[in-house]
Each structure stands twice: as C-alpha cells, then as structure tokens.
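Residues per chain are reported as follows:
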Amino acid sequence: MPEQNVEVHYNIRREACFSTGDGQPLAADHIQPGWSDNSQAVGEENATMEPRNYWRGEFCVEVSSAPGSLIIFGASGDLAKRKLFPALYSLHQRRLLHESSRIIGIGRTEYSSESFREWLRPAFAGEPAPFLEHVEYLAGDYGSAELYQSLNRVLDEYEQHSGFPSQRTYYLALPTTLYQTVIENLSGAGMLSGPDQDQTWRHLVLEKPFGRDFASARELDLWLHKYL
C-alpha cells in the first residue's frame, strides 16, 4: 500500500484551536483528552487516523487529511460555488487536502468535468489550476440508478489506481426533500458500506436545516438510522 504522507503545520495560535465560534476560549472541561502540550502530532504510523488539531506551546498543530473521495451532491448550486469549493480550495492552499484526494461534484446541470471547472474558476482568489486537478463532475438525475452506477465505477477505478483504502465522504448540499432520494439510491447501489470495515469508511454529511421543526428532525433522524 502506498505511503500516506501526513504533513503537520504550526500556523494557528493555540487560541484558535480551543475556541468557540465567537472566538471565546473553551472551558477546561470541554478540552478533550490529548489536547494538551504533552500531545504528540500524528506520525506516519498513525496516518490512517482521522485528522485532529493539537497544540504545542503557542501554536495549534494542523494535521493533513488521509487520501479519500469527497462526493458533493448539489455541486452545481450557487452555495457550493460560493462557499464549499472556496473552502476546499483554502484547505488545498494550506496543504491540508491530501495530494491524492479526489472531489467529485454531482449535479443536474449538464457540465463536463472541464466545463464545470471553468464554471468554478471565478469563485477563487489566485490561481486555482492545481486545486482543480482534484475536481471532476458527473451530471444526472438524483433519482436515477444509472447515476450511482456511474459514480461507483469512477470511485472504484480511482481507489484501485491509488492503492489507498476506500474512504468516501458524501456531502449533500441539497434541500431536505432530496435526502431520501439520494440516500436510498446510495444504499441500493451498495455505496454506504465498504469492502473492509477495518480499513474503509463512509461518511454522510447533511447541511442544515435538519428538518423543518423538532418533530420532522426527529423523524429524519430515525429514518437515517435505517441506512447508517
């Protein structure tokens, strides 16, 4: 199996590591075990661990991600263009996106991978060409089994070629009304489980709002547990 290069960066002050969304420091009882100046940054022997932040002295230590695939449903939407892809570009600029990672946008708009990259280009500050090399696009109907078969083939080919464990994150940048369609199709195509549970993972990320109210959020949560 290829070596997974893990890079460590000392470029964020400790306060940024342990702060709330409004910049206030976390209470001591909210700091998890291992978040201390005695922590060791993840070494190559632990390269398959999920990335974490640590601090040493005055600085937070950022650990780059393991290689994998990020599949964004709703990638041709305005929010994905203005928010998601610029955020991923920022990770790439800070060398926190693994060089072997792949980002696959899924949408109903008829783009080729090349025309999709050109559509994204104005959203970035600077020259995005190295980042865009990681990006591909598949067009299709979210309710079509053919779309998921095509996606699975693309992912299987990438994983076989890279030699890394199959690690996939499905990001649903979609209205709540489409969650059921996409998740049922992912499950039906066998894409919510990996061939080796010790070496692979499947993550599903849902954007807010999570339901319309408490009752619908609870109903959605119970429904998701049938598949996850």
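Residues numbered from 1 in each chain as written. Predicted model: local features only at pLDDT ≥ 70, side-chain atom pairs only at ≥ 80, totals over all residues. Heavy atoms only, no water.

Caption draft 1: Geometry of the nonpolar core. Grouped together as the largest cluster of nonpolar side chains are 25 residues, with contacts concentrated most on Phe73, Ile106, Tyr142, Leu151, Tyr170 and Leu172. Breaking this core down by element, the ones donating at least two residues are β4 (69–73), β5 (102–107), α5 (145–162), β7 (167–172), α6 (179–188) and α7 (214–224). Dropping the residues within four chain positions of it, Leu151 is found in contact with Ile71, Phe73, Ile104, Ile106, Leu138 and Met191. Membership of the second largest hydrophobic core comes to 19 residues, among which are Leu70, Leu88, Ile103 and Val135. (Core = buried A, V, L, I, M, F, W, Y, C linked by side-chain atoms within 4.5 Å. Buried < 20%, exposed > 50% of the residue type's maximum accessible area, 1.4 Å probe, protein only. Helix = DSSP H or I, 4+ residues; strand = E, 2+ residues; numbered from the N terminus. Contact = heavy atoms within 4.5 Å.)

Caption draft 2: Inspection of helix α2 (residues 78–93) at higher detail. For α2, built from 16 residues, the straight-helix expectation of 22 Å at 1.5 Å per residue is met to within 8% by its first-to-last C-alpha distance of 22 Å. Maximal helix bending in α2 amounts to about 25°, located at Leu84; proline Pro86 follows within four positions. When α2 is considered as a whole, its buried residues turn out to be Ala80, Lys81, Leu84, Phe85, Pro86, Leu88, Tyr89 and His92. Buried residues along α2 sit against β4, β5, α3 (113–120), α4 (129–132), β6 (135–139) and β7. Where α2 ends, the next residue or the one after it, Arg95, has phi of about 60°, a positive value. (Expected span 1.5 Å × (residues − 1). Bend = angle between axes of the 7 residues up to and from the residue.)

The quantities given are spatial measurements derived from coordinates; they are silent on function.
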